[in-house]
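Structural overview for review
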Amino acid sequence: MASDKPVLEISNLHAGIDDTPILRGINLEIPAGEVHAIMGRNGSGKTTTANIIMGHPDFDVTDGSVDLDGEDLLEMEPWERAREGVFLSFQYPQAVPGLQVGNFLRKSVAAIRGEDAAKGAEFRKTLKDAMTELDIDRSFLGRYVNDGFSGGEKKRFEILQLMLLQPKLAILDETDSGLDIDGIRTVAKGINAAVRGTDSGALIITHYSRILEHVQPDKVHVLIKGRIVKSGGPELALELEERGYEWLETEAANSA
Amino acid sequence: MAATEAREAVGEYKAGWHDPENATIRFDFGLSEQVVRDISALKNEPEWMTELRVKAFHHFDNRPMPTWGNMSMLEEIDFDKVCYYLRSSDATEKDWEDVPEDIRNTFDKLGIPEAEQKWLSGVTAQYESEAVYHSIREDLEQQGVIFLDMDSGLREYPELVKKWFCSVVPYQDNKFSALNTAVWSGGSFIYVPKGVHVEMPVQAYFRINAKNMGQFERTLIIADEGSSIHYVEGCTAPTYSTDSLHSAVVELIALPGAHIRYSTVQNWSTNVYNLVTKRGIAHENAKIEWVDGNIGSKLTMKYPAVILKGEGSHAEVISVAYSGKGQHQDAGAKIHHLASNTTSKILSKSISKDGGRGSYRGMVSVSPKAENCKLNVVCDALILDDGSRSDTYPTMEVANPSARCEHEASVSKVSDEQVFYLMSRGHSEEEALAMIVNGFFEPFTRELPMEYAVELNKLMALEMEGSIG
Ligand SMILES: Nc1ncnc2c1ncn2[C@@H]1O[C@H](COP(=O)(O)OP(=O)(O)O)[C@@H](O)[C@H]1O
Ligand SMILES: [Mg+2]
């Protein structure tokens, strides 16, 4: 089952929107069972990277490749990528008024993991356990998807989906922003459960080292103006929190 | 190959087949006083009905076309190219086995006999001009509930019909109510005695099969004091390149404390003009609800109305409209508060797509004597692409300052981000759109019997199929 291919392999990715380049040669490899983090200032291209892996139709890839388990993702529609095992926890999850959470979860599990996984007592139990773990009340299932959710509720709902959909690659775009310490701990638990000791991988986009204390990333990458300018271990996250990004921007400018 | 075929099969209008025409009586195209008299003679009607038809015909003939709705589409109607009466079966049967086979097959395909067994109190099925099948559960009959097709109603209860017919919608009301009164055929006649609650809905199903057909059913529902009934109707027609005309009149009378709910899921093919007048009168503490779904037709002009005549009466009009390519749904509601302490609620949801056009046309009034009325109007439009259109024409005439009025309107577009979010959860673009659309319609589907809600959701999913380039 386990292939020797990395879960995610991005090579020389160039992409932009309406002729404006945003990503300028990204290289990134996440082997199975690893958690990587991307940090960087606002506007450096973190969300764009996530969107392109998921297949957002607004962006044009001008060069490079993105593979999941050795399969070319760029050829696939977003829903095909989801069915292949890509999951994105959105920085700004979208509201769909009138679409009930319970119904939506069942349909999504059916679409991604198959009809059988979305049926019967087992599904109900998985759902119940995940909700208990995330401290989400049952009444949540009758609400409409992200409609009138608080910031924290939206993030918990993203993680609930992560736990039910069991992806190969989980991308979390600032899922920790707007969560309190308990929330962050819960989310970290969700990520660890989804990735550690499995064939899966995770990419955590964040501004803060706090979540990384709980997840312990295998690697931390720093994104500046659409390029990864530095990669290191978990200690890099702490250094960035202390020193900011300026020193790296200077380094990057000097080497460019 | 197989995939494209499957997709074509689901992408098209599902009820668009037509059967061979086996008419037993078919009138020539066109309308005149003689045609009106012939219809009445054929039905052996009492003279007062014949004379009412003739008066209505002349009113229709002299009355100009409405100057609202979609005037250019209205102008395209050729009243000389319509068949005003067509009978395909000589009797209204009580047993599906006795209905002519091809007609029975049609209703089988539409799932009517099955629905009847599972969850209905009674069914009437109309094919072209006449009801071909009619039945009501025995226990209801024993309680004195009358549920007949309108022609039988007139034959068996002439006094009751004479008393109420045209009492809510006079033939002079508009050009199409005059036309209907002149040439009406079929429809339902219902009387619910005092205090009787009809628990399961009764259903009417209207099917046009012939080309250039005109269907003019007439429905009259009288709910006596403290009684209740839920009436549901559905309608479909084959897809032809020439137009058909459906022009019904529905009159509801809710006597003190009665409750009438009238639900429609209209799914005519897109060559049908659907010009319908629906109105109810609510007496003291009575309640009338119109639940009105407009999915099909070329042009629909329909504004279900309630006259709140008795103190403490309540009206609700909940409607959805879907306008796709070449379609215009001009729908809305009218509510007149004539008495004190009356309340009303209008919820209108419309979706336009592929250049379709939806309009909400609403009128709510409060008369000077009516104290402490409450009015709530919400209309939401969702536009799925550029080039589709949505308009609202709300009117409120409030002549009593004690009234409390609320009005909300919104127009939104489906955002790419919403669709992308749903696609990222494994749903194709079409499925994502259907989820958004069904969610938008949810406040409406919630009000429908479950079987209808499921059907409507499926219909909307089909409308989203094959729509993505
Ligand atoms: N849909 C878009 N249209 C135009 N510009 C965009 C769009 N999305 C992102 N950008 C631009 O791309 C750059 C990177 O944005 P983003 O990936 O959101 O950054 P981050 O997530 O790191 O804050 C920014 O300059 C932003 O303005
Ligand atoms: Mg971002």
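Check the entry above for the structure.
These notes cover the structure that comes with them.

This next bit is on the site of ligand 1. Residues and elements named next belong to chain A. Close contacts around ligand 1 come from Ile17, Ile22, Arg41, Asn42, Gly43, Ser44, Gly45, Lys46, Thr47, Thr48 and Phe59, and that covers them all. Within the backbone of Gly43, one N or O atom sits 2.7 Å away from an oxygen atom of ligand 1. Between an oxygen atom of ligand 1 and a main-chain N or O atom of Lys46, the distance comes to 2.8 Å. Protein burial of ligand 1: of its 560 Å² of free accessible surface, 58% is covered by the chains. When residues of the shell around ligand 1 are assigned to their parent elements, the largest contribution, three residues, is made by helix α1 (residues 46-54). Of the residues contributing to the shell around ligand 1, the split by class is three nonpolar, six polar and two charged.

Further remarks concern the state of the cysteines. All names here are of chain B. All told, the structure shown has zero disulfides over all chains when counted by the stated rule. Counting only cysteine sulfurs, Cys83 is the nearest neighbor of Cys235, a cysteine outside any disulfide, at a range of 19 Å. Just so you know, Cys379 is unpaired, no disulfide at all, and the nearest cysteine sulfur is the one on Cys405, 14 Å from it.

Glancing now at the environment of Glu284 of chain B. Residues and elements named next belong to chain B. With respect to the helices and strands, Glu284 occurs in the loop between β14 (272-282) and β15 (287-294). Judged by relative accessible area, Glu284 falls into the partly exposed class, the value being 37%. Leaving out residues up to four positions away in the same chain, Glu284 has contacts with Pro256, Gly257, Gly310 and Glu311.

Let us look at the coordination of the magnesium ion (ligand 2). Residue and element names in this part refer to chain A. Ligation of the magnesium ion (ligand 2) by protein atoms is provided by Thr47 (OG1) and Gln91 (OE1), these donors lying 2.0 to 2.3 Å from the ion. Taken together, the residues Thr47 in helix α1 and Gln91 in the loop between β6 (86-89) and α3 (101-113) connect sequence positions 44 residues apart. The partly exposed category is assigned to Thr47, whose relative accessible area is 27%. In this structure Gln91 comes out as buried when scored by relative accessible area, which is 17%.

This part is about the sheet that holds strand β13 (residues 259-266) of chain B. Residues and elements named next belong to chain B. Spatially, 10 strands are ordered β4-β3-β7-β10-β13-β15-β18-β20-β22-β24 in an open sheet, and the strand pairing comes out mixed. At either margin of the open sheet sits one strand with a lone partner, and together these are β4 (130-136) and β24 (404-413). Averaged over all pairs of adjacent strands, the angle between their axes in this sheet comes to 5 degrees, without regard to strand direction. In this sheet, β13 lies alongside strand β10 (residues 228-236) in parallel orientation, the contact comprising eight bridges. The partner of Ile229 across the bridge, within β13, is Ile260. Packing against the sheet, helix α5 (residues 101-109) makes contact with β3 (122-127), β4 and β7 (202-207), and its axis sits at approximately 120 degrees to β3.

Before going further, it helps to spend a moment on the packing of aromatic side chains. All names here are of chain B. For the structure shown, the criterion picks out 19 aromatic pairs over all chains. An angle of 15 degrees between the planes, with centres 3.8 Å apart, marks the rings of Trp96 and Tyr133 as stacked. Taken together, the positions of Trp96 in the loop between β2 (86-87) and α5 and Tyr133 in strand β4 put the pair 37 residues apart, joining distant regions of the chain. No difference in accessibility class separates Trp96 from Tyr133, as the two residues are buried. The interplanar angle of 35 degrees and the centroid separation of 4.7 Å between the aromatic rings of Tyr231 and Tyr262 together place this pair among those described as tilted.

For the rest of this paragraph, the subject is the interface of chain B and chain A. Listed per partner, the contact involves 21 residues of chain B and 34 residues of chain A. Taking both partners together, chain B and chain A bury about 2,000 Å²; carbon and sulfur atoms supply 64% of that area. On the chain B side of the contact with chain A, Phe420, Tyr421 and Arg425 of chain B bury the most area, a combined 37% of that side's loss. For the salt bridge of Glu431 of chain B with Arg83 of chain A, the shortest nitrogen-to-oxygen distance reads 3.6 Å. One can count 12 residue pairs in polar contact (both at pLDDT 80 or more) joining chain B with chain A. Every element with two or more residues in the side of chain B that touches chain A is listed here: α11 (416-423) and α12 (429-445) of chain B. For the side of chain B that touches chain A, the residue count by class is seven nonpolar, seven polar and seven charged.

Another aspect to go through is the pairing of strand β19 (residues 328-337) of chain B. Residue and element names in this part refer to chain B. The element β19 is extensively covered by neighbouring structure, given that eight of its 10 residues are classed as buried. Of the strand pairs in this sheet, strand β16 (residues 299-302) and β19 are connected by four bridges, and their pairing is parallel. The residue bridging Met301 from the neighbouring strand is Asp330, located in β19. The sheet contact formed by β19 and strand β21 (residues 357-366) spans 10 bridges and is parallel. Following the sheet pairing, His336 is matched in β21 by Ser365.

Criteria and cut-off values
- Residues numbered from 1 in each chain as written.
- Chains lettered and ligands numbered in written order.
- Predicted model: local features only at pLDDT ≥ 70, side-chain atom pairs only at ≥ 80, totals over all residues.
- Heavy atoms only, no water.
- Near = heavy atom within 4 Å.
- Polar contact = N/O pair within 3.5 Å; in protein donor to acceptor, adjacent residues only side chain to side chain.
- Areas by Shrake-Rupley, 256 points an atom, 1.4 Å probe, with all protein chains shown as cover.
- Helix = DSSP H or I, 4+ residues; strand = E, 2+ residues; numbered from the N terminus.
- Nonpolar A, V, L, I, M, F, W, Y, C, P; charged D, E, K, R; others polar.
- Disulfide = S-S within 2.5 Å.
- Buried < 20%, exposed > 50% of the residue type's maximum accessible area, 1.4 Å probe, protein only.
- Contact = heavy atoms within 4.5 Å.
- Donors = N, O, S within 2.8 Å, 3.2 Å for Na, K, Ca; no water.
- Pairing = 2+ DSSP bridges.
- Axes fitted to C-alpha atoms, helices over the stretch in contact; angles between N-to-C directions.
- Phe/Tyr/Trp six-rings, centres within 6.5 Å; stacked < 30°, edge-to-face > 60°.
- Buried area = accessible area lost by both parts, 1.4 Å probe.
- Salt bridge = Lys/Arg side-chain N within 4 Å of Asp/Glu carboxyl O.

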